[in-house]
Structures are given as structure tokens and as C-alpha cells.
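Here is what each chain is made of, one letter per residue.
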Amino acid sequence: MAVVNTNSTRVAADLVKGSNRPSIGKDLQLIEGRLESVSGDSIGSTYRLCTLPSDFVIDKIELANDALGGSCAADLGIYKALGGAVVDADLFGSAISLVSAAGWTQQTEEASATDIDKSMKPLWERAGLTKNGGQAYDVVLTLTGASAAAGTVAIKVRGYYLG
């Protein structure tokens, strides 16, 4: 075993510049969305909560919900914007329970198959795409269990724009 001193990419870049002042990060943005669900929404129903550009870097996603009862659960992922097709239905979370009311709960890395190397990457890269197509994506809850009550579902996405 050995003692090592390893620098992050950001620290290494500052060292190369010869600066004793660290690089300043990006301005964080908060994007919010909320909707009212209807009692009896079936498995496969989608709740499009907000729209993000492909070059948006997500720092944190939080969900809050009223009690939707029954066996209500949902995957949290992305679809192409404006009613487009699914890109990755459970990119951020899978089988998130919406049965009971919940305050703001972190969901950014809930998906069991989260690749930590993709965290803090632009949305297009996080989704596994090979290039930035310059399009927008909706952050969507896709029901994996039906709802038995009407209620509010809300999202807060914190991050920054690369562009």
C-alpha cells in the first residue's frame, strides 16, 4: 500500500493555470413543476413534470407528493419533449412509491443501476447518447402501479446550463 495524493479534474486544471484562485462554477438554476393527478390513473400513465435542454447538468432532483393510495408507484426518467417517445423511463428512479404522502425526497441517484461516472454530466450524456442533439427532454414519472386517489405531484430539479 502507498499514500497517494490525487487531484480532481478541476483541481488539476487550476494547478496547470498556476492560479491560487479556484475556478468559479456555474450559476445554479432551479426548475420546478407540479401537476394534479386523477384517481384511477392506470399503469403506464405518464406525468410530464418539467422540460430540460440536453446540455443541462443535473445536480439534484427532488420529488414530493400527496398520498395517491392503492399500489401507486412510478419510474422517473426522460422522454423527448413535447409529447415525444421515451428515452430512458427509469434514468433517475424506479418503482418510487407514491402510495403515502411524501415531502421533498432526493431521487437523483435512486435508480439501482446508476453509473456514478454519469453524474454531473450533461443530460444527453447521462442518457447514454453519443452526441448532443440539441433537443429538450421532459422529466417524466411513468406509473408502474395504479393510483387510487387524486393528488399533487411536484418536482424540483437543480443544476446548470453548459451553453
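Residues numbered from 1 in each chain as written. Predicted model: local features only at pLDDT ≥ 70, side-chain atom pairs only at ≥ 80, totals over all residues. Heavy atoms only, no water.

Student: Lay out the sheet that holds strand β1 (residues 29-37) in plain terms, naming residues and giving numbers.
Tutor: Strand order across the open sheet formed by 4 strands is β1-β8-β3-β6, with antiparallel pairing between neighbours. What marks the edges here is a single partner per strand, and that holds for β1 and β6 (102-106). Taking each pair of neighbouring strands and ignoring which way they run, the sheet shows an average axis angle of 20°. The pairing of strand β3 (residues 56-65) with strand β8 (residues 151-161) spans 9 bridges and is antiparallel. Bridged to A64 within β8 is A154. (Pairing = 2+ DSSP bridges. Helix = DSSP H or I, 4+ residues; strand = E, 2+ residues; numbered from the N terminus. Axes fitted to C-alpha atoms, helices over the stretch in contact; angles between N-to-C directions.)

Student: Requested: an account of the sheet that holds strand β7 (residues 136-145), with residues and values cited.
Tutor: With antiparallel pairing, the 4 strands of this open sheet are ordered in space as β2-β7-β4-β5. Two strands close off the open sheet at either side, each with one partner strand: β2 (46-53) and β5 (86-97). Taken over all neighbouring pairs, the strand axes of this sheet differ in orientation by 20° on average, direction set aside. Two elements, strand β4 (residues 73-80) and β7, share 8 bridges in a ladder whose sense is antiparallel. Within β7, the residue paired with K80 across the bridge is Y137.

Student: Quick one: what's the story with the packing of aromatic side chains, residue by residue and with numbers?
Tutor: In total, this model carries 1 aromatic pair according to the counting rule given. Between F56 and Y161 the ring centres are 4.9 Å apart and the planes differ by 70°, which places this aromatic pair in the edge-to-face class. Placement of F56 in strand β3 and of Y161 in strand β8 is noted, with a sequence separation of 105 residues between them. Judged by relative accessible area, F56 falls into the buried class, the value being 0%. Here K156 stacks its cationic end above the ring of W104, 4.3 Å away from the centre of that ring. (Phe/Tyr/Trp six-rings, centres within 6.5 Å; stacked < 30°, edge-to-face > 60°. Buried < 20%, exposed > 50% of the residue type's maximum accessible area, 1.4 Å probe, protein only. Lys NZ or Arg CZ within 6 Å of the ring centre and 35° of its normal.)

Student: Could you give me a rundown of the environment of G145, with the residues and numbers involved?
Tutor: Locating G145 in the fold gives a position in strand β7. With relative accessibility at 3%, the residue G145 sits in the buried group. Spatially, the C-alpha atoms of G145 and I43 are 5.2 Å apart, while their sequence positions differ by 102 residues. G145 has contacts with I43, S71, C72 and A73, leaving out every residue within four places of it along the chain. (Contact = heavy atoms within 4.5 Å.)

Student: Tell me about the environment of A102, and please be specific about residues and values.
Tutor: Its place among the elements puts A102 in strand β6. The exposure class of A102 is partly exposed, given its relative accessible area of 28%. The spacing of A102 and A67 is 35 residues in sequence and 7.5 Å in space, taken between C-alpha atoms.

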